[in-house]
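Working through the structure, step by step
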Amino acid sequence: MSDKPEKFIDENGIRLDGRRADEIRPMTVEMGVLSRADGSCYLEWGNNKVLAAVYGPRELHPRRLQRPGEALVRYRYNMAAFSVEDRIRPGPSRRSTEISKVSGEAFEPVVMTQYYPSAVIDVFAEVLQADAGTRTAAINAATLALVDAGIPMKGLVAACAVGKVDGQLVLDLNKPEDNYGDADLPIAMTEDGDITLLQMDGNLTVDEINRGIEMVKKGCEQIFEIQKAALMSKFGTIEEEEVLED
Ligand code: CDP
């Protein structure tokens, strides 16, 4: 029997988890949580728990994969076997291979790979607990792990999904909305609002997609603020120290 809720949004416009249509779930981040990685970030977003680790830049082997003028950004998204209700079979799957590919590409416009010819920058995103929106959660954590590793970047990348339930667009789908909703549109973007990842599951009209993108932009603005606050609390004292020294 399906446990699809009868209604996703009540008469007051409130969703099953208490949010309004344009609200994202609470997000917390902590950088530098792994001492053996060059950069890392642990992120919680609603009930999602994700760990991102960055290694590199380092020389890429086998050498035939090296790019003479730039570094290769290699991204691996993985769901832990215990991260979902039904145990996930360990190892790569079609889904994780696809998510890894498009998530890595989401960083192409911002990572300044030209400084590290023939090198590789490895990004590992481990989903420890999944509750819808894990690819976007992983991208938000990976951005901070890349900065934590000291990788030069033109700016940050944030990601959030929008979808449709009860005929209405809703931001940052929760699990029932993702499972039983009419559409899921995960998007990643730069701080300039340039879209670097866009996938779609389900059906939306062109007008709904355009309105959905605007909702995601607002969600990503909030995520950029959370990311910047984390950066300020980790690195923000440098300027103050310099001022004190003068
Ligand atoms: O997580 P995301 O929304 O990026 O990807 P999805 O393929 O739309 O999956 C939505 C959710 O379904 C995940 O966050 C998991 O909670 C769940 N899922 C699962 O239980 N088992 C899988 N093999 C894949 C996903």
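Residues numbered from 1 in each chain as written. Predicted model: local features only at pLDDT ≥ 70, side-chain atom pairs only at ≥ 80, totals over all residues. Heavy atoms only, no water.

Side note on the site of the ligand
Every one of the 13 residues lining the ligand counts as a neighbour, but Arg95, Ala132, Gly133, Thr134 and Arg135 are closest to it. In the environment of the ligand, an oxygen atom lies 3.3 Å from a nitrogen or oxygen atom belonging to the side chain of Asp178. Protein burial of the ligand: of its 510 Å² of free accessible surface, 75% is covered by the chains. More than half of the atoms of the ligand fall within 2 Å of the grid points belonging to the largest pocket. Residue composition of the shell around the ligand, grouped by class: five nonpolar, two polar and six charged. (Near = heavy atom within 4 Å. Polar contact = N/O pair within 3.5 Å; in protein donor to acceptor, adjacent residues only side chain to side chain. Areas by Shrake-Rupley, 256 points an atom, 1.4 Å probe, with all protein chains shown as cover. 1 Å grid on protein atoms, 1.4 Å probe; cavity = no way out; pocket = protein on both sides within 12 Å on 5 of 7 lines; lining within 4 Å. Sits in = over half its atoms within 2 Å of the grid points. Nonpolar A, V, L, I, M, F, W, Y, C, P; charged D, E, K, R; others polar.)

Re the layout of surface pockets
In this model, the largest pocket occupies a volume close to 520 Å³. Looking at the largest pocket, it is lined by 28 residues, and the ones nearest its centre are Arg95, Ala132, Gly133, Arg135 and Asp178. At the level of elements, β4 (72–79), α1 (94–105), α2 (134–148), α3 (175–180) and β8 (183–190) are the ones that each hand at least two residues to the lining of the largest pocket. Class assignment for the residues of the lining of the largest pocket results in 11 nonpolar, six polar and 11 charged. Looking at the second largest pocket, its volume works out to about 190 Å³. Every residue lining the second largest pocket is counted, 14 residues in all, and those nearest its centre are Arg67, Leu72, Val73, Gly104 and Glu108. Contributions of two or more residues to the lining of the second largest pocket are made by β4 and α1. Looking at the lining of the second largest pocket residue by residue, the class counts come to five nonpolar, three polar and six charged. (Points joined across faces, edges and corners; volume = space filled by probe spheres on them. Helix = DSSP H or I, 4+ residues; strand = E, 2+ residues; numbered from the N terminus.)

Observations regarding the environment of Val111
With respect to the secondary-structure elements, Val111 resides in the loop between α1 and β5 (119–129). The spacing of Val111 and Asn174 is 63 residues in sequence and 30 Å in space, taken between C-alpha atoms.

Remarks on the pattern of salt bridges
What the rule picks out here adds up to 14 salt bridges. For Asp17, the salt bridge goes to Arg19, with nearest N and O atoms at 2.9 Å. Here the salt bridges do not stand alone but share partners, grouping Asp17, Arg19, Arg25 and Asp172 into one network. (Salt bridge = Lys/Arg side-chain N within 4 Å of Asp/Glu carboxyl O.)

So, the pairing of strand β7 (residues 168–171)
Relative to β7, strand β6 (residues 157–165) runs antiparallel, the two being bridged by four bridges. Counted as the bridge partner of Val165 is Gln168 from β7. (Pairing = 2+ DSSP bridges.)

Looking at the packing of aromatic side chains
Evaluation of the coordinates by the stated rule reveals two aromatic pairs. With centroids separated by 5.8 Å and ring planes inclined at 80°, the aromatic side chains of Tyr55 and Phe124 adopt a geometry described as edge-to-face. With Tyr55 in strand β3 (residues 48–59) and Phe124 in strand β5, this residue pair connects regions lying 69 residues apart in the sequence. On the basis of relative accessible area, Phe124 is assigned to the partly exposed category, the value being 23%. Ring geometry for Tyr75 against Phe107: centres 6.1 Å apart, planes inclined by 20°, an arrangement best described as stacked. In this pair, Tyr75 sits in strand β4 while Phe107 sits in the loop between α1 and β5, placing the two residues 32 residues apart along the sequence. (Phe/Tyr/Trp six-rings, centres within 6.5 Å; stacked < 30°, edge-to-face > 60°. Buried < 20%, exposed > 50% of the residue type's maximum accessible area, 1.4 Å probe, protein only.)

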